[in-house]
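Structural description and commentary
Spelled out from the first residue to the last, the chains are:
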Amino acid sequence: MVKLADLGFRKGEIAETVVSTYNTDEKPNAAPIGVTINNSKQVALKLYTTSATYKNIATKKSAVINVTDNIEIFYRTAFKEFNPNGKVPKEWFQPAEKIEAPKLRNADATIEVSVLNITPIEEEQAMVLCKVIHINTTKKPPHVYCRAFGLTLEAIIHATRVKKFLSGTSDQKKQANKLLQTIEECSSIVKRVAPNSPYTKIMTNLDHMINGWRKENENLH
Ligand SMILES: Cc1cc2nc3c(=O)[nH]c(=O)nc-3n(C[C@H](O)[C@H](O)[C@H](O)COP(=O)(O)O)c2cc1C
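Residues numbered from 1 in each chain as written. Predicted model: local features only at pLDDT ≥ 70, side-chain atom pairs only at ≥ 80, totals over all residues. Heavy atoms only, no water.

A short note on the sheet that holds strand 1 (residues 15-22)
What holds strands together in a sheet is hydrogen bonding between their backbones, with the strands either parallel or antiparallel. Pairing is antiparallel around the closed barrel formed by six strands, whose spatial order is 1-2-3-8-7-4. When the angles between neighbouring strand axes are averaged without regard to direction, this sheet yields 45°. Pairing analysis gives four bridges linking strand 2 (residues 28-39) to strand 3 (residues 42-48), with the strands arranged antiparallel. Looking at strand 3, one finds that Val35 is bridged to Leu45. Helix 1 (residues 52-60) contacts strand 1, strand 2, strand 3, strand 4 (62-67), strand 7 (109-120) and strand 8 (125-137) of the sheet and is inclined by roughly 60° relative to strand 1. (Pairing = 2+ DSSP bridges. Helix = DSSP H or I, 4+ residues; strand = E, 2+ residues; numbered from the N terminus. Axes fitted to C-alpha atoms, helices over the stretch in contact; angles between N-to-C directions. Contact = heavy atoms within 4.5 Å.)

Here's what the structure looks like:
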């Protein structure tokens, strides 16, 4: 079997992946999640307990960690509202082989895991320790690296926090403004290194979305 190390997982590093699970109504769900490894057979996920991913993992005790460098997959699983009908298309999924969870058809590799234990940590977060059950890889040719990938991913992850912080305490609003500054910096480089690309399109969509959240909050106050 292919090893976690073969896929680029290394101790002490957070790997950005997309985790897929079944909701309690058996519909598939996916969200970008950072994964760390404990050893060659164990991985850990630090999850917000408010997320659907956490609730699904706590119930079903299984998940698939999908490895991809497709920015569209990160974007549309982080912000489900940007999909037709507000949901990640069900055609994106197929059942995993060894566990009860869906996997992404277009993933470059899939890691099927089952939950060993769940430990509550800081407020609204829990550490989920999982055992690796099965790994599948595709034979995708190597890809060159474009700076726009990392910068767009950075902007997406910040944007998932901005919405919450903009409507929070004054300290959280300050944090939101710092994140917004970083998003702007990412955006200007993305537009320079990858104009007319899916990356630029996503950055433009994020801009519109953030402006919408700002207006919502102005109207509330
Ligand atoms: C690159 C990236 C990494 C993320 N890592 C995590 C993580 O490790 N834990 C977490 O709870 N949320 C993480 N998030 C935020 C979730 O993906 C986001 O809140 C998502 O909307 C949760 O969807 P769900 O409710 O369907 O689970 C990350 C987002 C991005 C873009």
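Topic: the pattern of salt bridges
Charged atoms that come close allow side chains of opposite charge to pair. Applying the stated criterion across every chain yields a total of eleven salt bridges. In this structure, the salt-bridge partner of Lys140 is Asp69, at a minimum N-O distance of 3.0 Å. Within this pair, whereas Lys140 is found in the loop between strand 8 and helix 3 (147-166), its partner Asp69 is found in the loop between strand 4 and helix 2 (71-78), the two being separated by 71 residues in sequence. In this structure Lys140 comes out as partly exposed when scored by relative accessible area, which is 35%. A residue is classified by how much of its surface remains accessible, and Asp69, at 30% relative accessible area, is partly exposed. Members of the salt-bridge network, linked through shared partners, are Glu26, Lys60 and Glu100. (Salt bridge = Lys/Arg side-chain N within 4 Å of Asp/Glu carboxyl O. Buried < 20%, exposed > 50% of the residue type's maximum accessible area, 1.4 Å probe, protein only.)

Looking at the domain arrangement of the protein chain
Per the domain assignment, the segments making up the protein chain are domain 1 (4-137) and domain 2 (147-220). Here the C-alpha centroids of domain 1 and domain 2 sit 24 Å apart. Roughly 1100 Å² is buried in total at the junction of domain 1 and domain 2, and carbon and sulfur atoms are behind 80% of that figure. Contact with domain 2 buries area across many residues of domain 1, yet Ile71, Tyr75 and Phe79 alone supply 54% of it, more than any other trio. Note that Glu124 and Lys164 form a salt bridge whose closest N and O atoms lie 3.5 Å from each other. Linking domain 1 with domain 2 are two residue pairs in polar contact (both at pLDDT 80 or more), by the criterion used here. If you tally residues by element for the side of domain 1 that touches domain 2, the top one is helix 2, at five residues. Within the side of domain 1 that touches domain 2, the residues separate by chemical class into six nonpolar, no polar and five charged. (Domains from an automatic or database assignment. Buried area = accessible area lost by both parts, 1.4 Å probe. Polar contact = N/O pair within 3.5 Å; in protein donor to acceptor, adjacent residues only side chain to side chain. Nonpolar A, V, L, I, M, F, W, Y, C, P; charged D, E, K, R; others polar.)

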